[in-house]
Amino acid sequence: MGEIWTTYGFPGVIIVAQILAVTVPLLIAVAYMVYAERKVLAMMQLRQGPNLVGPWGLLQSFADALKMIGKEMIIPAGANRVVFIFAPVLTMVLALVAWAVIPFDLGWVIADINVGILYLFAISSLGVYGIIMAGWASNSKYAFLGSLRSAAQMVSYEVSIGLVIITVLLCVGSLNLTDIIVAQSGAGGFWGWFFVPLFPMFVIFFISALAETNRAPFDLPEGESELVGGFHTEYSGMTFGLFFLGEYANMILMSAMTTVLFLGGWLPPLEMAPFTWIPGPVWFVLKIAFCLFVFIWVRATLPRYRYDQLMRLGWKVFLPFSLIWVVLTAGVLVAFGWLPD
Amino acid sequence: MLLTGIAFYIFAAVLVAAAVMVISAKNPVHSVLYLIVCFFNAAGLFVLMGAEFVAMILVIVYVGAVAVLFLFVVMMLDINFQELRQGFLQYLPIGGLIGLVLAIELLLIVGTWVIAPETSAVAAAPSPAIDAVTNTEALGRIMYTQYVYAFQASGLILLVAMIGAIVLTLRSREGVRKQSITQQVQRKREEVLAVRKVPTRGGV
Amino acid sequence: MVAMPDLLPALPELFLACAGMLLLMIGVFRGEGSLRLVSWLAVGALLVTGVLLVLGPTERTVTFSGLFVSDSFAVFAKLLVLTATALTIILSQRYLETEQLARFEYPVLLVFATLGMMGMISANDLIALYVGLELQSLSLYVIAAFKRDFAKSSEAGLKYFVLGALSSGMLLYGASLVYGFAGTTNFDALAALFAAGETPAVGVIVGMVFVAAGLAFKISAVPFHMWTPDVYEGAPTSVTAFFAVAPKIAAITLFIRVLVDPFGDLLAQWQQVIWFCAVASMILGSLAAIQQSNIKRLMAYSSIGHIGYALVGLAAGTEAGVRGVLIYMAIYLAMNVGTFAIILSMRVQGRMVEEIRDLSGLSKSHPMMALAMAIFMWSMAGVPPAAGFFGKFYVFMAAVDAGLIVLAVIGVITSVVSCYYYLRIIKVMYFDDLTEPLERPSRAASLVIAGTALFTFPVFFIFSNAILTGAATAAASLFQ
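Just so it is clear, the structure is predicted and the values come from calculations on it, not from any experiment. (Residues numbered from 1 in each chain as written. Chains lettered and ligands numbered in written order. Predicted model: local features only at pLDDT ≥ 70, side-chain atom pairs only at ≥ 80, totals over all residues. Heavy atoms only, no water.)

**Focus: the overall build of chain C**
Note the cut-off: Under the scheme used here, helices are H or I runs from DSSP no shorter than 4 residues and strands are E runs no shorter than 2 residues, and both carry numbers assigned from the N terminus. Note that the radius of gyration is over C-alpha atoms, with the globule rule given as 2.2 Å times the number of residues to the power 0.38. Buried means the residue's accessible area, taken with a 1.4 Å probe over protein chains only, is under 20% of the maximum for its type, while exposed means over 50%, and partly exposed covers the values in between. Should any heavy atoms of two residues lie within 4.5 Å, those residues are counted as being in contact. Only the protein chains shown count as cover for residues, and the accessible areas themselves come from Shrake-Rupley with a 1.4 Å probe. Working convention for charge: Lys and Arg count positive, Asp and Glu count negative, and His plus the chain ends are omitted. All charge positions are set by atom: Lys at NZ, Arg at CZ, Asp at CG, Glu at CD.
Within chain C, the regular secondary structure consists of 18 helices and four strands. Taken against the 2.2 N^0.38 rule, which gives 23 Å for 480 residues, the C-alpha radius of gyration of chain C at 21 Å falls within 12% of a compact globule. With respect to the principal axes defined by its C-alpha atoms, chain C has extents near 65 × 55 × 45 Å. For chain C, with 480 residues in total, the buried portion stands at 64%. Across chain C, contacts joining residues at least 24 apart in sequence account for 82% of those joining residues at least 6 apart. Just so you have it, chain C exposes about 16,500 Å², and 69% of that area is on carbon and sulfur atoms. The centroid of the 25 positive side-chain charges in chain C is displaced by 9 Å from the centroid of its 27 negative side-chain charges.

**A closer look at the confidence of the model for chain A**
Let me state the cut-off plainly: Confidence scores labelled pLDDT are given residue by residue by the predictor and lie between 0 and 100.
For chain A, the average pLDDT comes to 86, and 98% of its residues sit at 70 or higher. The lowest-confidence element of chain A is helix H8 (residues 224–227) of chain A, averaging 68 in pLDDT; the highest-confidence one is helix H7 (residues 199–212) of chain A, averaging 91.

**Some points on the nonpolar core**
Let me state the cut-off plainly: Throughout, nonpolar core names a set of buried Ala, Val, Leu, Ile, Met, Phe, Trp, Tyr and Cys residues whose side chains join them through atoms within 4.5 Å.
Within the largest apolar cluster, 200 residues are counted, with the highest numbers of intra-cluster contacts made by Ile143, Phe243, Leu311 and Met329 of chain C. Excluding its chain neighbours within four sequence positions, the residues that come into contact with Phe243 of chain C are Leu140, Ile143, Ala144, Tyr160, Val231, Tyr232 and Lys248 of chain C.

**Side note on the interface of chain B and chain C**
What counts, and what does not: Throughout, the accessible surface (probe 1.4 Å) given up by two parts as they are put together, summed over both, is called the buried area. What counts as a salt bridge is simple: a side-chain nitrogen of Lys or Arg found within 4 Å of a carboxyl oxygen of Asp or Glu.
Each side of the interface is counted separately: chain B has 35 residues, and chain C has 43 residues. Around 3,300 Å² of area is buried between chain B and chain C when both sides are counted, 75% of it from carbon and sulfur atoms. For the interface between chain B and chain C, the tally reads one salt bridge. Arg171 of chain B is the partner of Asp149 of chain C in a salt bridge, and the nearest nitrogen-oxygen pair spans 2.9 Å.

**Topic: the interface of chain A and chain B**
Short version of the rule: In the analysis that follows, any N or O atom pair within 3.5 Å is treated as a polar contact, provided that within protein one partner can donate a hydrogen and the other can accept it, and provided that, for residues neighboring in sequence, both atoms belong to side chains.
At the junction of the two partners, chain A supplies 27 residues and chain B supplies 27 residues. Approximately 2,200 Å² of surface area, both sides summed, lies buried where chain A meets chain B, with 78% of it carried by carbon and sulfur atoms. Of all residues in chain A, Tyr8, Tyr129 and Trp136 of chain A bury the most surface against chain B, accounting for 25% of the area lost on that side. Between the two partners, chain A and chain B, sit zero salt bridges. At the junction of chain A and chain B, the tally comes to four residue pairs in polar contact (both at pLDDT 80 or more). Only helix H4 (116–137), helix H5 (141–172) and helix H12 (307–335) of chain A provide two or more residues apiece to the side of chain A that touches chain B.

**Focus: the arrangement of the chains**
Most contacts, compared over the two pairs of chains touching, are made between chains B and C. In this view chain A stays clear of chain C, with the nearest C-alpha atoms of the two still 12 Å from each other.

**As for helix H2 (residues 60–70) of chain A**
Residues and elements named next belong to chain A. This is how the line gets drawn: Regarding the arc, it is the one traced by the directions from the helix axis to the C-beta atoms.
Where H2 is concerned, the buried positions are Gln60, Ser61 and Met68. What you see down the axis of H2 is that its buried residues fit within an arc of 95°, all on one side. Turned more than 90 degrees off the buried face of H2, the exposed positions are Leu66, Ile69 and Gly70.

**A look at the domain arrangement of chain A**
Residues and elements named next belong to chain A. Let me state the cut-off plainly: What fixes the domain bounds is an automatic or database domain assignment. Charged residues are taken to be Asp, Glu, Lys and Arg, nonpolar residues to be Ala, Val, Leu, Ile, Met, Phe, Trp, Tyr, Cys and Pro, and polar residues to be all remaining types, Gly included.
Segmenting chain A into domains produces domain 1 (1–70) and domain 2 (82–335). When each unit is reduced to the centre of its C-alpha atoms, the spacing between domain 1 and domain 2 is 20 Å. In this complex, domain 1 contributes 17 residues to the contact, which on the side of domain 2 involves 22 residues. Of the roughly 1,800 Å² buried at the junction of domain 1 and domain 2 (both faces included), carbon and sulfur atoms supply 87%. Where domain 1 packs against domain 2, one counts two salt bridges. Counting residues per element, the ones that place at least two in the side of domain 1 that touches domain 2 are helix H1 (2–44) and H2. Counting residues per element, the side of domain 1 that touches domain 2 draws most heavily on H1, at 15 residues. For the side of domain 1 that touches domain 2, the per-class residue count stands at 14 nonpolar, two polar and one charged.

**Notes on the packing of aromatic side chains**
Residue and element names in this part refer to chain A. Which entries qualify depends on this criterion: When two rings of Phe, Tyr or Trp (its six-membered ring) have centres within 6.5 Å they constitute a pair, described as stacked for plane angles under 30 degrees, edge-to-face for angles over 60, and tilted for the intermediate range. Each ring is checked for a lysine NZ or an arginine CZ that lies within 6 Å of its centre and within 35 degrees of its normal; such an atom marks a charge sitting over the ring.
Evaluation of the coordinates by the stated rule reveals 44 aromatic pairs over all chains. Ring centres 6.1 Å apart and planes at 85° place the aromatic pair Tyr157 and Phe318 in the edge-to-face group. Taken together, the residues span a long stretch of sequence, with Tyr157 in helix H5 and Phe318 in helix H12 at a distance of 161 residues. Each member of the aromatic cluster is reached from another via a ring pair, and the members are Phe190, Trp191, Trp193, Phe195, Phe199, Phe202, Phe205 and Phe262. Sitting over the ring of Trp193, Lys287 keeps its end group 3.8 Å from the ring centre.

**Side note on the side chain of Ser302 of chain C**
Positionally, Ser302 of chain C belongs in helix H12 (residues 295–316). In contact with Ser302 of chain C, not counting residues within four places along its chain, are Met380, Tyr421 and Tyr422 of chain C.

**Here we look at the packing of H4 of chain A against H5 of chain A**
Residues and elements named next belong to chain A. Here is the rule: Axis geometry follows a simple rule: fit a line to the C-alpha atoms, using only the stretch in contact for helices, then measure angles between N-to-C directions, giving values from 0 to 180 degrees. Any angle between 65 and 115 degrees counts as roughly perpendicular, while under 35 counts as roughly parallel, over 145 as roughly antiparallel, and the rest as oblique.
Relative orientation of the contacting elements H4 and H5 amounts to 175°, with a least axis distance of 8 Å. In terms of axis orientation, H4 runs roughly antiparallel to H5. For the pair formed by H4 and H5, the contact residues are Ile117, Phe121, Ser124, Ser125, Gly127, Val128, Ile131, Ile132, Gly135 and Trp136 on the first element and Ala143, Phe144, Ser147, Ser150, Ala151, Met154, Glu158, Ile161, Gly162, Ile165 and Leu169 on the second. Among the residues forming the contact of H4 with H5, the class breakdown is 13 nonpolar, seven polar and one charged.

Structure below.
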């Protein structure tokens, strides 16, 4: 009995604790992300934003969550019940499991696997299923059209995300996320982060991340002027709430990926006194927050793309460009002998 | 390794059950979804074997891309399932017979499973120890050296598939007005904008 | 750093691959109406490839870590394939233009198919075999459906694709069994393993039979022939002309290499399978063709029969047998390209016709064409002194020498039966009344018809020595 406890029980408890330590703050972060988005948008549009629930409206998200839980969950007649309920659950679960491999500091990671970046890429490419299944199971044309659009959009932009990841991998020589961040460290501080040498790829990655999370200006799947609510037209109550949480959790995840790949993860911007005093996880969170701010900023600034323009951008601009850049990066690395071993 | 054993049996059992559901599900969309479950569990089995790279690629390529397109097509088809099933009983005997023959063959083969002792000497690419190199690196090492020919030829096959898809489906429609971005960008203000002084009650 | 593999033996393939991609670029950038240019460039590329082949190493060289082999057997077969492709591209041009199929992808796909065939011929590993086969098959599926607005062509493409995928599946299943039981996919290693003399595991034999079944599909040997008539009839005629020749040559060469090279010591195990396929193909080819009225279907059954005769040589499993098959395929190439050049010229008032009765009275309107057709039919029936006779002669002799007397006798009987429908075409051309005269064939078609007809009848005797020694060296290189 004691042996089972030491081999399985004790490590099991630690793992559960680690998981909780990541997911609970994440869910709170999602709540405040919603609040932050409303506040920032309001400021950019010279409005007030939420300001009644709690001091400065800080408890607004929790009030919304309570409302969502309290509402009735309506399942339309003719919907495919099992798939209909499974779809939002899948979206939320995928948004959470991806965090297993994200390193918050050297060694601060739940699962430090060799193929971390592939795991992230695989999980993010699965996100499309939640949307397709929701659209199909709703048995409604708005939802179906929205989900088809979204699936086509996500598959298209995944191609360029994959190529961008390859350029980073070429510079690192490892698929491990910790290795990727360590490869960006150096005396030069932020000059060593990959957004400097791979700046065009950084831009492409960020734009593709917008498309991958169905955010403005690529939020066609839920383009309310044409498709009502897109794939979640028929959802209500907590099923809708899960989609909502999933979308924001995915935004945070994509920001974390951007941080890991291009912004040096937990590394301080300069390797000198005042910066190195601040612990790594704080830098990591700050960088994510910066990326999220840009997400919102873009939403407040740009009008929505037309669907053919979206596809054109993905296939005719990003794909060839990132392909050329992969070749170029590989060529430069080989020519100057900068290949990592 | 109790946990690994349990995980193996869970993955394997779910894989087989989902595979059965793929062919027995009434609704083709459910079939595709079960297929995805299959891929997932197969990936899980690969992870248990220590082949993490293959597992991830399986998920990225098959689940993330191939099955999505599959699902697309199946969802958009308007199939009458009753009609599809009509021939089923008619073909069941012959299909079952062929299946039975194949199963017996497989059993016979498994029964006589002998690997010649020389085989390990001639094995094409002995795999290095798992802890010596990561299996991404090990795969890369033989794929770009020993099997570079097959690798390049596969690339050509994909090129041909691409040409084929374009040849068989691309139609340039006449009389469609397309957006020309260069034209839009090249427009000058002078060409499209004129400021006129409009006299009162005179109109333009 | 790892040493570069020796690229020299594969130089022709590398050149052709680059040329194919270059042609694709030229086609894309020139846009509509570049068919003629791309076609002639493709023919040029094939010619250069042929020259590179001839200049290349003749002794057996293995490269790419044993995946690729180049020997005089491969060179001989590749030259045949290149000739067939080049002639088909030349013949296709006018057909494509009049049928509104003038798109530059056609020659490009043919070039890639040829590349796949060359890969098949030079395969020295089950993996190389498979990728070569798929490259060839995928290109063929696409060009079978090239006339995409016609249901029949799409049907042909789809049918070919579905059945082809099935056969690839069988082949892969077999290959995986072989790999599982023998531990290697390399032909040399396999041969060494079986030469050790131990009785091979059942799994290896089952795997080998599955591989053979997959390959038998590609050469359309009975009982894997079902797709052939429909695909031949439905595909555009120029594509049928291609299907009838180049893929057959490549696939049978591959078949020979697989059975003789790695599985040569298992002769006793595969001989009966090939024996059965040969007999069934010969019988079906000669009987089923009798009732056909569509000349493309007739040619489909005729090709099944011819494959049966070629398999007779393979069933012998000897050097003489392989030499016989190579000679047979060389003659088959000339006869079939010539016949299809005539079929491609069967136009009445601007539309294509493909019934046998449309040939009636050809001797009055086009006496030279009728004469050429007569020579081809004569040769296909295997009547001396046309070249086809010698093809059959060497194959049957090899079978008799190997003790397969029953097989040879069945072969002779079926070729007598097949005389009926070959000679019926001659009868239709010479003794039936002229209804509607065919249009004049294009200059390229006339040249090809004349060339192949002359080759089939008198010229073959002049060059017979060269071809015989070529085939003999090729066969010998396989049996080293």
